[in-house]
Amino acid sequence: MQMTVVEAVDLALARALSEDDNVVVLGEDVGRNGGVFRATVGLRERFGPRRVIDTPLAENLIAGVAVGMATQGLRPVAEIQFIGFMYAALEHLVSHAARLRNRTRGRITCPLTLRMPFGGGIHAPEHHSESTEALLTHIPGLKVLAVSSPQTAYGLLLAAIRDPDPVIVLEPERLYRSLKAEVPDDGQALPIGQCLTWREGDDVTLVSWGAAVQDCLQAAELLAADNISAEVIDVASLRPLDMATIVESVRHTGRCVIVHEACRTGGFGGEIAAQLVELAFADLLTAPRRVTAPDVIVPYLKLEPHYLPGVADIVAAVSDIMESS
Amino acid sequence: MAFIHEVSPDFPMVGFLDSEGRLAAHTPPAQRSPELWWQCWVHINLTRRFDQRAINLQRTGRLGTYASCLGQEAVSTATGLAMHPDDVLVPYYRDQAAQLLRGVRMLDILRFWGGDERGSCFPPPCHDMPNCVPIATQLPHAAGIAAAIRLRNERRAVLATCGDGATSRGDFYEALNLAGVWHLPLVVVINNNQWAISVPLSAQTAAPTLAQKAVAAGIPGVRVDGNDVLALHAVIGEALERARAGKGPTLVEAVTYRLCDHTTADDMSRYADPVKREQAAALEPMVRLRRLLQGIGRCTEADDAQLEQQQNALIDDTIAAFLADPSPAPEDMFDFLFARLPDELQAQRRACQARQGRS
């Protein structure tokens, strides 16, 4: 069945709720309202208010309660409505969810999933368009996944819910309804810790995650018209990171452009570039290049087009490094 | 015309055993039991002896920073005695007495403060949460645990502890608020020991009591003499039984005094008035309990000597085991991070092993 990203999220949640009684969904507006993005539509009606739970409006509490539930063997799937509101929840993610298994030497575990819409491009108000995934990728003990399509929304979310450790799933707001694809409800999870290669190529490797993957695919199409063959890799799992796939690709192409919506300094692209230099320096024909947002505060919607990296930026970066190498 | 009025909710202090060791006429039958008095006495003694030895270990460089519980043993002892084995304790970090009653070993406590993560790997069947250092963050966890219990229709209670300083944090209000809305089987016991490190309660809140903070959450609050182990036993026991019976959450304010430094890294003489501290010391839980027991012919010199000898022997054995304890394996840093170590970390784990070979 053809469906959007948001419908694929809903489908995966329904699948998880029906296959495991320990799965509960909680967050602001996830119950009666079906979620502000409608990612939990119909779940409360189907699985009841005891398992699809509207919480008080407090992100810190949502994360903390999910931690407590997870210690008892439940598999809470908590929603923070936008990544821009996760900061209140960070203490529970960093100081507890990530650490419980380690600090009890395996006695207590924390199999929670935290879903968060992230990224810009939907003309949302202030604080609703952030891409602060690097705050999470820096934390040992957390797994961080990023959705790039309806198929990966379904597969990554199921993987997160079934994982025995805390997993953050980032869902790009601008892809929620902008593309449709066939998603069979086959219960198949995608592997955590593996990149997905969406397009093979010979001249340059485009590495990205989230909505930027779709931009890279469009850029690859345009570049093909110029006889430049681009390989497109969807990181999908930022932590744990599958550098092997990226390195293998770059050994073949010799060039790498890393694309992310987050601002540049300290962004996760820097980590990928650094590892590429450490692991594949001799195979690089030219330095890895980053296409990112500038190091400024995410602007309100009027300036958003001047902030978000786009297809033209990716094409320009590739053309530039092709000329110089 | 005035629409705004001062509100002063009344939370009288529950107490049975006064500082002279006299038992009030309204003491319930369950707390009139000499067996209970003796049980409390023995355990407070054990906790205090262990606590002092832990401080000595730190002072002689054999333990890391340690948080003493001197003066607060009654709250924690009553908690440990009132809880059922299948209830869940969600402690802060001054709950040694309750933990020891619930299957945590002295060795675990020494390991925790001695810098060894194995100290929170309590032996089965103890399923309690580990100590929680970030203030008040254990309270939302306790609410989540209570929510899981409620979801499964189990007749169990969750008891979380915190200090008075924790009542300034959002986590405290958020957890109490949720406990009210979701009618959770949760008891929160505030150890009001008057100090948040060096900041006195008067600089923490303008509220005359901490029990009244329950009012805004729409749940019952109760204030109890935190040096009266019998009143604590009755109040906490009732709150736990309400929780198990589906009657919802309770906030308990136990009013006591921290007779020790915040931790071994602190020096209370920098901020606490020594006269007030001496006054508080006269009210501490052991003095009154001893008088009560002496009134029935217990706590004789022979009793004291026997208890001291027995408990010291136990503590000596534990300390010997702790000091002989080999350090955990460095690879443990990796091996307990996830259920399965991701490929991306295998090289770092190998580097950790190679580093051991070099040193």
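The model shown is predicted, which means the values in this text are computed figures rather than measured ones.

## Let's talk about the overall build of chain A
Of regular secondary structure, chain A possesses 12 helices and 14 strands. In chain A, which comprises 325 residues, the share counted as buried stands at 63%. Summed over its atoms, the accessible surface of chain A is roughly 11800 Å², and 52% of this surface lies on carbon and sulfur atoms. Positive and negative side-chain charges in chain A, numbering 27 and 41 respectively, have mean positions lying 8 Å apart.

## Notes on the packing of aromatic side chains
Throughout the structure, instances matching the rule amount to nine aromatic pairs over all chains. Note on F82 of chain A and F85 of chain A: the rings are 6.0 Å apart at their centroids and 90° apart in plane angle, and the pair reads as edge-to-face. The exposure class assigned to F82 of chain A is buried, which follows from its relative accessible area of 9%. The interplanar angle of 85° and the centroid separation of 5.4 Å between the aromatic rings of F172 of chain B and Y173 of chain B together place this pair among those described as edge-to-face. Classification of Y173 of chain B by relative accessible area gives partly exposed; the value is 37%. Here the aromatic cluster, defined as three or more aromatic residues joined through ring pairs, consists of F37, F82, F85 and Y176 of chain A.

## Details of the interface of chain B and chain A
Taken together, the contacts link 43 residues of chain B with 42 residues of chain A. Summed over the shared surface of chain B and chain A, the number is three salt bridges. E344 of chain B is the salt-bridge partner of R239 of chain A, the closest N and O atoms lying 2.8 Å from each other. For the pair chain B and chain A, the interface holds 21 residue pairs in polar contact (both at pLDDT 80 or more). The set of elements that each furnish at least two residues to the side of chain B that touches chain A consists of helix 5 (138-151), helix 6 (170-182) and helix 12 (332-335) of chain B. It is helix 5 of chain B that contributes the most residues to the side of chain B that touches chain A, nine residues altogether.

## Here's the deal with the nonpolar core
Residues I246 and I272 of chain A together with L186 of chain B are the most contacted members of the largest nonpolar core, which totals 88 residues. Sort the elements by how many residues they give to this core and helix 5 of chain B lands first, with nine residues. With residues up to four places along the chain from it excluded, the contact list for I246 of chain A reads C195, V207, I233, V235, L241, I272 and L276 of chain A. I44, A157, V189 and A254 of chain B belong to the second-largest nonpolar core, a separate cluster that totals 39 residues.

## So, the pairing of strand 4 (residues 75-79) of chain A
Residue and element names in this part refer to chain A. For strand 4, the tally of buried residues reaches five of five residues, placing the bulk of the element in the interior. Burial of strand 4 is two-sided: the residues R75, V77 and E79 facing one way and the residues P76 and A78 facing the other way are all buried. Here strand 2 (residues 23-27) runs beside strand 4; their pairing, made up of five bridges, is parallel. By the bridge assignment, V25 is partnered in strand 4 with V77. With three bridges connecting them, strand 4 and strand 5 (residues 113-118) associate as parallel partners. Across the sheet, residue A78 finds its bridge partner in strand 5, namely L114.

## Structural notes on the sheet that holds strand 6 (residues 143-146) of chain A
All names here are of chain A. Strand order in this open sheet of seven strands is 3-2-4-5-7-6-12, and the pairing throughout is mixed. The open sheet has two edge strands, strand 3 (52-54) and strand 12 (237-239), and neither has a second partner. Each strand of the sheet is rotated relative to its neighbour by a mean of 20°, with strand direction disregarded. In this structure, strand 2 lies alongside strand 3, joined through three bridges in parallel fashion. Directly across from L26, in strand 3, lies its bridge partner I53. Together, strand 2, strand 4, strand 5, strand 6 and strand 7 (167-172) form the strand contacts of helix 7 (residues 150-162), whose direction differs from that of strand 5 by roughly 150°.

## Some words on helix 10 (residues 285-294) of chain B
An α-helical turn contains 3.6 residues, so a residue and the one three or four places further along point in the same direction. All names here are of chain B. For helix 10, every residue scored as buried is listed here: P285, M286, R288, L289, L292 and L293. Looking straight down helix 10, one finds that the buried residues subtend no more than 165° of arc, so they occupy a single side. On its buried face, helix 10 is in contact with helix 1 (34-59), helix 2 (73-82), strand 7 (221-225) and helix 8 (229-244).

## Side note on the environment of G141 of chain A
Tracing the sequence through the fold places G141 of chain A in the loop between helix 6 (134-137) and strand 6. Discounting chain neighbours no more than four positions away, the residues touching G141 of chain A are A98 and P166 of chain A together with L337 and F338 of chain B.

## Looking at the packing of helix 1 of chain B against helix 8 of chain B
Residue and element names in this part refer to chain B. Across the interface, helix 1 lies against helix 8 with an axial gap of 11 Å and an inter-helix angle of 105°. In terms of orientation, helix 1 lies roughly perpendicular with respect to helix 8. The residues of helix 8 that touch helix 1, namely those facing L36, W37, C40 and I44, are V229, L230 and H233. Taken together, the residues of the contact of helix 1 with helix 8 sort by class into six nonpolar, one polar and no charged.

## As for the sheet that holds strand 14 (residues 289-293) of chain A
Through backbone hydrogen bonds, the strands of a sheet pair up, either in parallel or in antiparallel fashion. Residue and element names in this part refer to chain A. The strand order across the open sheet formed by five strands is 9-11-10-13-14, and the pairing between neighbours is mixed. Only two strands of the sheet have a single partner each, and these edge strands are strand 9 (196-199) and strand 14. When the angles between neighbouring strand axes are averaged without regard to direction, this sheet yields 25°. Bridge count for strand 13 (residues 256-263) against strand 14 is five bridges, and the pairing is parallel. Bridging from a neighbouring strand, I258 pairs with R290 of strand 14. In this fold helix 12 (residues 311-324) packs onto strand 10 (204-208), strand 13 and strand 14, with an angle of close to 160° to the strand it touches most, strand 14.

## Looking at the state of the cysteines
Summed over the entire model, instances satisfying the criterion amount to zero disulfides over all chains. Cysteine C256 of chain A is unpaired, with the sulfur of C216 of chain A as its nearest cysteine sulfur at 9.8 Å. Given a relative accessible area of 0%, C256 of chain A falls into the buried group. We note that C299 of chain B lacks a disulfide partner, and the nearest cysteine sulfur, in C40 of chain B, lies 12 Å from it.

## Focus: the pairing of strand 3 (residues 158-163) of chain B
Residue and element names in this part refer to chain B. A large share of strand 3 lies buried, amounting to six of its six residues. By the alternation rule, side chains of strand 3 split into V158, A160 and C162 and L159, T161 and G163, which are all buried. For strand 2 (residues 88-90) and strand 3, the ladder comprises three bridges, and the chain directions are parallel. In the strand pairing of strand 3, V88 is matched with V158. What joins strand 3 to strand 4 (residues 186-192) is helix 6, and the crossover it makes is right-handed.

Cut-offs used in this document
Residues numbered from 1 in each chain as written. Chains lettered and ligands numbered in written order. Predicted model: local features only at pLDDT ≥ 70, side-chain atom pairs only at ≥ 80, totals over all residues. Heavy atoms only, no water. Helix = DSSP H or I, 4+ residues; strand = E, 2+ residues; numbered from the N terminus. Buried < 20%, exposed > 50% of the residue type's maximum accessible area, 1.4 Å probe, protein only. Areas by Shrake-Rupley, 256 points an atom, 1.4 Å probe, with all protein chains shown as cover. Lys, Arg positive; Asp, Glu negative; His and termini not counted. Charge placed at Lys NZ, Arg CZ, Asp CG, Glu CD. Phe/Tyr/Trp six-rings, centres within 6.5 Å; stacked < 30°, edge-to-face > 60°. Contact = heavy atoms within 4.5 Å. Salt bridge = Lys/Arg side-chain N within 4 Å of Asp/Glu carboxyl O. Polar contact = N/O pair within 3.5 Å; in protein donor to acceptor, adjacent residues only side chain to side chain. Core = buried A, V, L, I, M, F, W, Y, C linked by side-chain atoms within 4.5 Å. Pairing = 2+ DSSP bridges. Axes fitted to C-alpha atoms, helices over the stretch in contact; angles between N-to-C directions. Arc of directions from axis to C-beta. Parallel < 35°, antiparallel > 145°, perpendicular 65-115°, else oblique. Nonpolar A, V, L, I, M, F, W, Y, C, P; charged D, E, K, R; others polar. Disulfide = S-S within 2.5 Å. Right-handed = clockwise from strand over helix to strand, strands pointing away.

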